[in-house]
Amino acid sequence: MDLHIHSTYSDGDAIIDEITRRARERGMKIIGIADHSTDHPRGLNEKKAKRRRVEIMNAQERYGIRILDAVECGILEDGKIILPEHEFDLVIASVHTHLPVREVYRRIKMCILKNDVDIIGHMHAGMFSFNSNIPELDMEIIDFAIENGVAIEVNSYHSSPPESFLKLCSSKKLLYSFGSDAHDLSMVGDIDFSIRMAKIYLKKGRNIVDEMHNTYR
Ligand SMILES: [Zn+2]
Ligand SMILES: [Zn+2]
């Protein structure tokens, strides 16, 4: 499964039909087309989300794999996210701005608290140097995510979160998700890092796809 793929509906290069074909070739049974939300200049609005839904349904039928109608929102000031009026299957929220370390943690916490999000995307990536993460605050986010039923994404493109973070997860019943963050066809289903990290550190955790199993059977 690869729940983090961008299409031409935001800043990706590939169309949904070819993404789905490629995902099936790579053995994926479930994918998420997670285009950027309205906070991104090329992101989804209500009209685009509606059109995209039709393409998702068509591709799903053509290739016989489950496609989630997903979105990736930026986490803005005070943990806010912006979503178009649309019924998404999956909401990923990620920090996309360079910020002081503590502000990143604060925004993520507020975001989990204030919004109905499913996944926190690429923690630590591009936000601050991997060495500057703060273990106590990492731990707080982990516990907070578990308490609120929010998954942490293991993102293969960004190699995120760093192993120091994942190590803290080993004894926890963390909900997690896999994503390639593909912006072109060659990256679709590229989740080797995610699988490797989950095998080492997330044995006690639970994959969000299993959690959704009943809903998406
Ligand atoms: Zn992102
Ligand atoms: Zn992304």
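Everything below is about the structure shown above.
This one's a predicted model, so the numbers in the text were calculated from it and none came from an experiment.

Participant: In this structure, what is going on with the coordination of the zinc ion (ligand 1)? I would like to understand it.
Facilitator: Here the zinc ion (ligand 1) is held by the protein donor atoms Glu 72 (OE), His 96 (NE2) and His 122 (NE2), which lie 2.1 to 2.2 Å from it. Between the donor residues of the zinc ion (ligand 1), the gaps in sequence give the motif E-x23-H-x25-H. Between the zinc ion (ligand 1) and the zinc ion (ligand 2), a separation of 3.4 Å is found, and both are coordinated by Glu 72. You can see Glu 72 sitting in strand 3 (residues 66–74) and its partner His 96 sitting in the loop between strand 4 (90–94) and helix 3 (101–114), a full 24 residues away along the chain. According to the relative accessible area criterion, Glu 72 is buried, its value standing at 1%. You can call His 96 partly exposed: its relative accessible area is 40%.

Participant: Mind showing me how you'd approach the coordination of the zinc ion (ligand 2) here?
Facilitator: Each angle at a metal carrying four tetrahedral donors should ideally be 109.5 degrees, and each at a metal carrying six octahedral donors should ideally be 90 or 180 degrees. Bound to the zinc ion (ligand 2) are the protein donor atoms His 4 (NE2), His 6 (NE2), Glu 72 (OE) and Asp 181 (OD), situated 2.1 to 2.3 Å from the metal. Relative to the metal, the four donor atoms surrounding the zinc ion (ligand 2) lie at angles of 83 to 173 degrees, and the coordination shape comes out irregular. Expressed as a motif, the donor residue spacing for the zinc ion (ligand 2) is H-x1-H-x65-E-x108-D.

Participant: When you look at unusual backbone geometry in this model, what are you seeing that I'm missing?
Facilitator: Among all residues except glycine, the phi angle is most often negative; among peptide bonds, the trans geometry is most common. A cis amide bond, omega -5 degrees, links Ser 160 with the succeeding residue Pro 161. With a phi angle near 45 degrees, Ser 159 is a residue other than glycine that sits in the positive phi range. Among the secondary structure elements, Ser 159 is positioned in the loop between strand 6 (151–155) and helix 5 (163–169). Here the phi dihedral of Asp 181 falls at roughly 55 degrees; this positive angle occurs in a residue that is not glycine. Within the element layout of this structure, Asp 181 appears in the loop between strand 7 (175–179) and helix 6 (192–201). Judged by relative accessible area, Asp 181 falls into the buried class, the value being 3%.

Participant: What exactly am I supposed to notice about the packing of helix 3 against helix 4 (residues 135–147) here?
Facilitator: To describe two helices that pack against each other, one gives the angle between their axes and the distance between the axes. At a minimum axis separation of 10 Å, helix 3 and helix 4 run at an interaxial angle of 10 degrees. Between helix 3 and helix 4, the interaxial angle falls into the category roughly parallel. Touching Arg 102, Tyr 105, Ile 108, Lys 109, Ile 112 and Leu 113 of helix 3 are Leu 137, Asp 138, Glu 140, Ile 141, Phe 144 and Ala 145, all from helix 4. Tallied by class, the residues present in the contact of helix 3 with helix 4 amount to eight nonpolar, no polar and four charged.

Reading the values: the criteria
- Residues numbered from 1 in each chain as written.
- Chains lettered and ligands numbered in written order.
- Predicted model: local features only at pLDDT ≥ 70, side-chain atom pairs only at ≥ 80, totals over all residues.
- Heavy atoms only, no water.
- Donors = N, O, S within 2.8 Å, 3.2 Å for Na, K, Ca; no water.
- Helix = DSSP H or I, 4+ residues; strand = E, 2+ residues; numbered from the N terminus.
- Buried < 20%, exposed > 50% of the residue type's maximum accessible area, 1.4 Å probe, protein only.
- Tetrahedral: all angles 85-135°; square planar, octahedral: opposite > 155°, others 65-115°.
- Axes fitted to C-alpha atoms, helices over the stretch in contact; angles between N-to-C directions.
- Parallel < 35°, antiparallel > 145°, perpendicular 65-115°, else oblique.
- Contact = heavy atoms within 4.5 Å.
- Nonpolar A, V, L, I, M, F, W, Y, C, P; charged D, E, K, R; others polar.

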